[in-house]
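# Notes for the structure review
Here are the chains, one letter per residue:
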Amino acid sequence: IDASLWVMQTDGRILKYTRGVREDFAPTDLDQPFAPGAVIYTDPDAELLYVLDRGNGRVVVLAKSGAYQLQYQFDQARDAGDIVVDEKGGQMYLLSGSKIYSVKL
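Described in the following lines is the structure provided in the data block. (Residues numbered from 1 in each chain as written. Predicted model: local features only at pLDDT ≥ 70, side-chain atom pairs only at ≥ 80, totals over all residues. Heavy atoms only, no water.)

Mapped onto the fold, Ser 96 is located in strand β9 (residues 91-96). Look at Ser 96 and you get buried, because its relative accessible area is 13%. Engagement of the side chain of Ser 96 in a polar contact is seen with the backbone oxygen of Asp 79, the distance being 3.3 Å. (Helix = DSSP H or I, 4+ residues; strand = E, 2+ residues; numbered from the N terminus. Buried < 20%, exposed > 50% of the residue type's maximum accessible area, 1.4 Å probe, protein only. Polar contact = N/O pair within 3.5 Å; in protein donor to acceptor, adjacent residues only side chain to side chain.)

Encoded structure:
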């Protein structure tokens, strides 16, 4: 939740609600759709939206308009259960079981 509420559907679609009203949102320029079970991260201070796409072993970075920015692809993303990003500190953290992986942005 930031100024909007972001919901990841089981089919990989992302829904965006602002003040209780659904807004159109569709990621653009993805090389493949999100796999079921993806997780979204953002916060009120974050400029971007981060999607932990476990099924495809990646973290996709999107503008809050839906425009594709970049992606990080690595095996540890497949086993991660959650994601937190510190944009100001330039770090992304992935929780996998009892391990925390840190990735420099």
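By volume, the largest pocket amounts to about 170 Å³. As for the largest pocket, its lining consists of 15 residues, of which Arg 13, Ile 14, Phe 25, Ala 26 and Pro 27 are closest to the centre. For the lining of the largest pocket, the elements supplying multiple residues, two or more each, are β2 (14-18) and β3 (21-23). Here the element with the most residues in the lining of the largest pocket is β2; it accounts for three residues. (1 Å grid on protein atoms, 1.4 Å probe; cavity = no way out; pocket = protein on both sides within 12 Å on 5 of 7 lines; lining within 4 Å. Points joined across faces, edges and corners; volume = space filled by probe spheres on them.)

Don't take any of this as a statement about function, it's just geometry.
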